[in-house]
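For reference, the chains in residue letters:
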Amino acid sequence: MTRDAKLRWGSIIVIGYIMAAFVWWALLLFKKNHIAFEAQYRAGFYEMLAQGLVENEGQYRQSDLYKMLFTTYRKQMFMIIGEGCVFVLSLILGVWFIHNGYRKEVAAGRQRRNFLLSITHELKSPIAGIQLAVETLLKRDLPREKSLPLLQSSLRETTRLKNLVNDLLLSAKLESAYQLHIEPLNLAELAAGIVEDFRIRYPKAGFEFEAPDELPLFSGDRSGLTSVVQNLVENAVKYSPEPAQVRVALSAQPGALHIEVADSGIGIPDREKSRIFDKFYRIGNEDTRQTKGTGLGLYIVDQIVKAHGGSISVRDHQPAGSVFLILLPLK
Ligand code: ADP
């Protein structure tokens, strides 16, 4: 039995015992209350009978003494029921809080483990790639056409390392003191430049870009918004079978700018849609997952969009894939 299962069964047994003991005590209290009432009832009846105040039980039940005894008895019954309900409710609430806290703790532990595993993968493979390229170049005197691919792949790996470190730094800054450097931006130009970079990086993928000629300028943080579009396009490529088909579209709506990044990739299940923006969250398990990543990208995207007063949402793309939509309010 796993530690979790043992804990679950342990708590079920303890809670079951508490409930059973509680029911037993409640029944006993009911019984005792009833016995006490019966005794007082009899004593009162015989006393009134002896004093000649009543002649039978029928008359006794009309007397003030009986009414007082019965009211006290009923009050005590309601008290037992009321207190019982409060007790059961507190117990349920307590168990719920503990269970929730425990579940969050387990999820946080899983995320930490996933993060460590993914960051190790992420660091190891570019370093190994660069090392191999440099060793080859050192050992052999290669002609330019043979050394060029090695240098290009080293440069790609170095870019990956740089992006990873940037993401880590940015996510740390977002938690403490991220300062937006607001300036008027032409988002169409910015996004078009990013799409061009991706065309060079992924020559096999298909990129579509759409923006109206007259998009209003947006007051925003250049490096933050660059990171937003880069992360979304990177994911669109990463989570699509080759060759990826990605569409980036900008449009101006009354009071807001829309940025849409759509792909025809593997898509995101509905139950995961709200969780993918959490820090370090990645769908699936690190041991079985094929794609590389840290689970920081969408967290950064979400935080930066929010810092601009905007919002991000995700929906399914037909027939396959996902569409991320960002709304940035125009001030
Ligand atoms: P990373 O890509 O480093 O894992 P992200 O924060 O960028 O982290 O994304 C979180 C998770 O959301 C990813 O692990 C992936 O499972 C899912 N995801 C993000 N973008 C897409 C996409 N375009 N299509 C399918 N799944 C996606």
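Residues numbered from 1 in each chain as written. Predicted model: local features only at pLDDT ≥ 70, side-chain atom pairs only at ≥ 80, totals over all residues. Heavy atoms only, no water.

Section: the overall build of the protein
A tally of helices and strands in the protein yields 7 helices and 7 strands. In sequence order, the secondary structure elements of the protein are arranged as α-α-α-α-β-α-β-β-α-β-β-α-β-β. Here the C-alpha atoms of the protein give a radius of gyration of 35 Å, more than 25% beyond the 20 Å that 2.2 N^0.38 yields for 331 residues. Looking at the protein as a whole, 34% of its 331 residues are labelled buried. In the structure as shown, the protein presents an accessible area of about 21000 Å², 61% of it carried by carbon and sulfur atoms. Distance between charge centres in the protein, computed from 40 positive and 35 negative side chains, equals 7 Å. (Helix = DSSP H or I, 4+ residues; strand = E, 2+ residues; numbered from the N terminus. Rg over C-alpha atoms; globule rule 2.2 N^0.38 Å. Buried < 20%, exposed > 50% of the residue type's maximum accessible area, 1.4 Å probe, protein only. Areas by Shrake-Rupley, 256 points an atom, 1.4 Å probe, with all protein chains shown as cover. Lys, Arg positive; Asp, Glu negative; His and termini not counted. Charge placed at Lys NZ, Arg CZ, Asp CG, Glu CD.)

Quick look at the domain arrangement of the protein
By a widely used convention, the size of an interface equals the accessible area lost when the partners come together. Assigned domains of the protein: these are domain 1 (1-178) and domain 2 (182-329). A C-alpha centroid distance of 36 Å is found between domain 1 and domain 2. On the domain 2 side, the residues contacting the 20 residues of domain 1 number 21 residues. Around 1800 Å² of area is buried between domain 1 and domain 2 when both sides are counted, 56% of it from carbon and sulfur atoms. Between the two partners, domain 1 and domain 2, sit 0 salt bridges. Linking domain 1 with domain 2 are 0 residue pairs in polar contact (both at pLDDT 80 or more). For the side of domain 1 that touches domain 2, the elements supplying multiple residues, two or more each, are α3 (64-139) and α4 (144-175). No other element matches α3, which puts 11 residues into the side of domain 1 that touches domain 2. A class-by-class count of the residues in the side of domain 1 that touches domain 2 yields 8 nonpolar, 6 polar and 6 charged. (Domains from an automatic or database assignment. Contact = heavy atoms within 4.5 Å. Buried area = accessible area lost by both parts, 1.4 Å probe. Salt bridge = Lys/Arg side-chain N within 4 Å of Asp/Glu carboxyl O. Polar contact = N/O pair within 3.5 Å; in protein donor to acceptor, adjacent residues only side chain to side chain. Nonpolar A, V, L, I, M, F, W, Y, C, P; charged D, E, K, R; others polar.)

As for the site of the ligand
The immediate surroundings of the ligand are formed by 19 residues, with Asn235, Tyr239, Arg282, Thr294 and Leu298 found nearest. Within the side chain of Asp263, one N or O atom sits 2.9 Å away from a nitrogen atom of the ligand. A distance of 3.5 Å separates an oxygen atom of the ligand from a polar backbone atom of Ile283. Contact with the protein chains hides 97% of the accessible area of the ligand, taken as 530 Å² for the molecule alone. Put simply, the parts of the chain that give the shell around the ligand at least two residues each are α6 (222-238), α7 (297-307) and β7 (322-329). (Near = heavy atom within 4 Å.)

Focus on the packing of aromatic side chains
What the rule picks out here adds up to 16 aromatic pairs. For the ring pair Phe37 and Phe70, a centre distance of 6.0 Å and an interplane angle of 65° mean the geometry is edge-to-face. Of this pair, Phe37 sits in helix α1 (residues 3-50) while Phe70 sits in helix α3; the two residues are 33 residues apart in sequence, bridging distant segments of the chain. Between the aromatic rings of Trp96 and Phe97, the centroid separation amounts to 5.4 Å while the plane-to-plane angle is 65°, which identifies the pairing as edge-to-face. Using a relative accessible area of 53% as the deciding quantity, one classes Phe97 as exposed. Here a set of aromatic residues connected by ring pairs shows up, and it is made of Phe37, Tyr41, Phe45, Tyr46, Tyr60, Tyr66, Phe70 and Tyr73. (Phe/Tyr/Trp six-rings, centres within 6.5 Å; stacked < 30°, edge-to-face > 60°.)

Some words on the side chain of Ser240
By the element assignment, Ser240 lies in the loop between α6 and β4 (245-253). Among the residues examined, Ser240 registers a relative accessible area of 12% and is labelled buried. Excluding residues within four positions of it along the chain, Ser240 makes contact with Asp263, Ser264 and Gly265.

A closer look at the nonpolar core
One broad trend across soluble globular proteins is that nonpolar side chains are buried collectively. Counting residues in each nonpolar core, the largest one holds 49 residues, and the members touching the most others are Leu187, Leu232, Val246, Phe324 and Leu328. Both domains that furnish three or more residues to this core are identified here as domain 1 (1-178) and domain 2 (182-329). Setting aside anything within four residues of it in sequence, one finds Phe324 in contact with Leu232, Ile259, Glu260, Val261, Ile268, Ile276, Phe277, Leu298, Ile312, Ser313 and Val314. Phe37, Tyr41, Tyr73 and Met77 belong to the second-largest nonpolar core, a separate cluster that totals 10 residues. (Core = buried A, V, L, I, M, F, W, Y, C linked by side-chain atoms within 4.5 Å.)

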